[in-house]
Number of protein chains: 2
Amino acid sequence: MPGPSATVSDLSEAELISRIQRQLPPRPDWVLVGIGDDAAVVEPARNRLEVLTVDAIVEGVHFDRAFTPPSAIGHRALAVNLSDLAAMGAEPRLALLSLALPSALPCTDFDAMIEGLQALALRHRVHVVGGNLTRSPGPLVLDITVTGTVKRRQILIRGGARPGDVIYVTGSIGSAAAGLQMLRAATAGPPAMSRTGTEYEACTRRYLFPEPRIRMGLQLSRNRAASSCMDLSDGLADAVAQVAAASGVGAAIDADALPIDPDARAWFAAHAADAVTAAITGGDDYELLFTTRAKWTRRVTNAARTSGTTITKIGVCTAEAGVKILRSSSEGVMPRGFKHFA
Amino acid sequence: MPGPSATVSDLSEAELISRIQRQLPPRPDWVLVGIGDDAAVVEPARNRLEVLTVDAIVEGVHFDRAFTPPSAIGHRALAVNLSDLAAMGAEPRLALLSLALPSALPCTDFDAMIEGLQALALRHRVHVVGGNLTRSPGPLVLDITVTGTVKRRQILIRGGARPGDVIYVTGSIGSAAAGLQMLRAATAGPPAMSRTGTEYEACTRRYLFPEPRIRMGLQLSRNRAASSCMDLSDGLADAVAQVAAASGVGAAIDADALPIDPDARAWFAAHAADAVTAAITGGDDYELLFTTRAKWTRRVTNAARTSGTTITKIGVCTAEAGVKILRSSSEGVMPRGFKHFA
């Protein structure tokens with residue numbers, strides 16, 4: 001049994017794997033071979049298509065260990081992948097964990113990271129069926145593959161929007177970007193910068209523990225309510241541009257309609273940033289952007305109500321190419337720093 | 001168009017993705033959504049189980065860019081995964097590529113890496129359906145997920161050996177370990193160390209471009225010829241120990257029967273190393289170790305002939321736990337450095 005100051009380099013690969021395994025629930029029937037062989041073997045879901053995605057989070061690029069607790073690192077590694085499944089309308093099924101671990105990583109951090117990941121996995125009934133552990137001579141890297149299932153006629157893609165389709169976004173935007181700025185300020189700044197207010201708590205929590213919109217993705221899919229869908233991993237501005245490009249349409253976004261989180265708005269205002277620009281270019285929100293035909297409004301309302309999701313109409317798809325942001329104060333003018341919108 | 005000295009940091013993620021896409025063959029029918037959406041969508045193979053595995057190779061841990069050409073890095077990243085499928089008796093199907101790229105990586109190296117990977121993928125009809133690209137502040141990391149298919153009653157696992165089962169290994173062992181030593185010596189040593197002999201070529205090629213034993217894995221699976229199977233990624237000694245432990249048996253290995261590559265044996269002898277120890281503890285051979293019932297000999301012979309694979313009987317499974325190496329010179333004595341054998 002390693003002491004409290006033990007690092008992962010004090011353990012063998014087999015011991016680290018057994019520390020993961022002891023956090024896993026019993027294997028479901030459809031998993032024929034799980035962790036411990038050369039590969040996992042599963043029974044495909046009947047009458048469903050399979051949805052697969054992989055996403056890596058890299059220390060120093062996607063998270064900073066100075067202010068990201070290990071449980072949040074584990075949570076995020078899975079959440080970013082589940083968000084991709086949500087954007088396809090898929091039901092999560094299994095995950096493979098590939099972790100590159102710096103030798104100095106404390107075992108307690110390793111355990112907390114797996115706990116954070118596994119807590120989210122349990123909530124979405126994702127089963128960890130295998131993976132890979134290796135040493136990293138550099139940053140901590142968590143590379144997660146997830147698969148999910150979807151019916152053939154219910155896949156959500158980026159490329160299905162038409163001119164006239166209405167553009168919606170789930171939840172609120174900007175809080176993760178504000179939360180990241182708050183954490184950075186608290187870490188770099190004097191102790192007075194360390195805030196404990198509820199605004200701080202809400203934004204930093206949104207940054208640290210993003211909640212993938214799995215239920216809304218499933219409801220959009222099952223109600224066939226969306227003509228296109230994408231998650232906001234790289235920010236709303238990027239998502240609108242990607243959906244428009246994939247669909248061969250343009251978009252007009254009403255900046256005044258954007259559901260910018262009030263705490264985030266206040267933080268941006270206090271730090272001389274334009275809230276709209278900050279909110280639409282900031283990443284990490286993991287909300288869904290989707291488009292819908294005007295006549296499908298009831299389907300959208302049903303999907304939102306059934307999944308308990310707030311949604312906001314933020315614009316419309318246009319026949320004319322390009323993305324326009326309309327602001328009451330400066331109509332047609334692009335906010336600064338808006339590099340994704342050509 | 002980036003110049004000849006351009007690095008990946010000169011390109012956008014979209015440009016790098018399009019450089020991957022232009023190397024891919026047309027998408028097969030069963031891929032409904034490929035690269036370019038939030039996730040890939042595929043139709044599962046009919047009446048088959050799905051086999052999934054992930055493996056990462058990390059610069060400074062699994063390869064050294066000083067003597068590993070980019071094409072070999074790409075080849076290896078996929079090969080180690082295909083070897084895991086081979087060990088399960090699975091037919092390869094698709095791959096997801098997750099790459100963490102140092103900013104200074106030349107674009108020409110990036111292209112060559114993908115070419116090396118894609119050349120192997122084509123030979124085994126593996127389709128790249130998606131992936132992820134990210135910057136790395138440290139080492140180059142290639143994290144590949146592959147899936148394959150297998151019939152329910154034909155899965156090969158580690159845990160099926162019984163006492164009395166015969167132990168085989170495919171091909172030859174030791175050449176990859178010798179090849180790695182040759183490459184290191186040529187890189188670190190004076191110019192005189194740079195060899196160009198055919199022994200050198202054969203061993204270094206085995207190290208740089210390992211050939212996963214896909215065809216033999218499939219034949220063992222289809223002929224139901226193996227009671228257990230595993231690949232030699234961490235060396236033969238480790239594989240024997242793992243199969244024995246998973247099966248609840250012991251093993252007696254005849255050291256004199258081991259198919260140690262003659263060039264590797266000569267290299268080890270010239271460098272004062274015990275060839276048996278070096279060959280069984282050296283990794284990277286990516287051969288298959290398998291066990292079979294005595295009465296299945298004809299199935300094994302058929303599998304080897306059909307797949308064009310040489311195989312060697314190297315020992316037998318025992319009721320008594322533990323792994324013994326029997327040598328004519330020192331029967332029952334373990335070679336030094338044999339840490340995996342308790």
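Residues numbered from 1 in each chain as written. Chains lettered and ligands numbered in written order. Predicted model: local features only at pLDDT ≥ 70, side-chain atom pairs only at ≥ 80, totals over all residues.

Undergrad: Go over the pairing of strand S8 (residues 228–231) of chain A, please, and point to the residues and values.
TA: Both faces of the sheet carry side chains from a regular strand, because those side chains alternate between them. Residue and element names in this part refer to chain A. Neither face of S8 is left uncovered, since the one carrying Ser-228 and Met-230 and the one carrying Cys-229 and Asp-231 both have all their residues buried. In terms of strand pairing, S8 meets strand S10 (residues 288–292) through 4 bridges, oriented antiparallel. Within S10, the position partnered with Ser-228 by the bridge is Thr-291. (Buried ≥ 20, exposed ≤ 12 C-beta atoms within 10 Å, placed from the backbone. Helix = DSSP H or I, 4+ residues; strand = E, 2+ residues; numbered from the N terminus. Pairing = 2+ DSSP bridges.)

Undergrad: Describe in detail the packing of helix H6 (residues 214–222) of chain B against helix H10 (residues 297–307) of chain B, supporting the description with residues and values.
TA: Residue and element names in this part refer to chain B. Between H6 and H10, whose axes approach to 9 Å, the crossing angle comes to 145°. At the point where H6 passes H10, the crossing takes the right-handed sense. Contacts between H6 and H10 involve Arg-215, Met-216, Gln-219 and Leu-220 from the former and Ala-303, Ala-304, Thr-306 and Ser-307 from the latter. Considering only residue class, the contact of H6 with H10 consists of 4 nonpolar, 3 polar and 1 charged. (Axes fitted to C-alpha atoms, helices over the stretch in contact; angles between N-to-C directions. Left-handed = near helix turned anticlockwise from the far one by under 90°. Contact = placed C-beta atoms within 7 Å. Nonpolar A, V, L, I, M, F, W, Y, C, P; charged D, E, K, R; others polar.)

Undergrad: Quick one: what's the story with the confidence of the model for chain A, residue by residue and with numbers?
TA: Residues and elements named next belong to chain A. Averaged over all residues, the pLDDT of chain A equals 92, while 93% of them reach at least 70. Ignoring residues within four places in sequence, the model shows residues 333–342, a span with pLDDT below 50, making 19 contacts including any to other chains. Predicted as a complex, the structure gets a pTM of 0.94 and an ipTM equal to 0.94. (pLDDT = per-residue confidence, 0-100.)

Undergrad: An account of the environment of Val-316 of chain A is needed here, citing residue identities and associated values.
TA: All names here are of chain A. The residue Val-316 is located in strand S11 (residues 311–318) in this model. The spacing of Val-316 and Ile-253 is 63 residues in sequence and 6.7 Å in space, taken between C-alpha atoms. Among all residues touching Val-316, those that are not within four sequence positions of it are Gly-164, Val-166, Ile-167 and Ala-252.

Undergrad: Residues and numbers for the sheet that holds strand S5 (residues 127–136) of chain A, please.
TA: Strand order in this open sheet of 6 strands is S5(A)-S4(A)-S6(A)-S3(A)-S2(B)-S1(B), and the pairing throughout is mixed. Looking at the sheet topology across the chains shown, the edges are occupied by S5 of chain A together with strand S1 (31–33) of chain B. Within the sheet, the average angular offset between the axes of one strand and its neighbour, ignoring direction, is 20°. Pairing of strand S4 (residues 91–102) of chain A with S5 of chain A, which is carried by 9 bridges, proceeds in the parallel orientation. When the bridges of S5 of chain A are listed, Pro-102 of chain A appears paired with Ser-136 of chain A.

Undergrad: Give a description of helix H8 (residues 262–270) of chain A that names residues and reports values.
TA: For H8 of chain A, every residue scored as buried is listed here: Asp-263, Ala-264, Arg-265, Trp-267 and Phe-268 of chain A. Looking at the packing, one finds that the buried side of H8 of chain A touches helix H4 (175–188), helix H5 (198–208) and helix H9 (275–281) of chain A.

Undergrad: Any details on the relation of the copies chain B and chain A? Residues and values, ideally.
TA: Mapping chain B onto chain A calls for a rotation angle of 180° and an axial translation of 0.0 Å; the resulting RMSD is 0.0 Å. Read as a symmetry element, the transformation amounts to a two-fold axis. Closest to the rotation axis within chain B is the C-alpha of Gly-138 of chain B, separated from it by 2.6 Å. A high fraction, 100%, of the interface residues of chain B reappear at the interface in chain A, so the copies pair face to face through one surface. (Least-squares fit on C-alpha atoms with pLDDT ≥ 70 in both.)

Undergrad: Outline the interface of chain B and chain A, listing residues and values.
TA: In this assembly, 47 residues from chain B lie in contact with 47 residues from chain A. Broken down by secondary-structure element, the contributors of at least two residues to the side of chain B that touches chain A are S1, strand S2 (40–42), strand S3 (49–58), helix H2 (70–88), strand S4 (91–102), strand S5 (127–136), strand S6 (141–150) and strand S8 (228–231) of chain B. Of the residues in the side of chain B that touches chain A, the class split is 27 nonpolar, 10 polar and 10 charged. Where strand S2 (residues 40–42) of chain A and S3 of chain B come together, 3 bridges link them in antiparallel fashion. From the neighbouring strand, Val-41 of chain A faces S3 of chain B, where its bridge partner is Val-51 of chain B.

Undergrad: Tell me about the sheet that holds strand S9 (residues 250–254) of chain B, and please be specific about residues and values.
TA: Residues and elements named next belong to chain B. Read from one edge of the open sheet, 6 strands run S8-S10-S7-S11-S9-S12, paired in mixed fashion. The open sheet is flanked by S8 and strand S12 (323–326), the only strands paired with a single partner. This sheet shows a mean twist of 25° between the axes of neighbouring strands, independent of strand direction.

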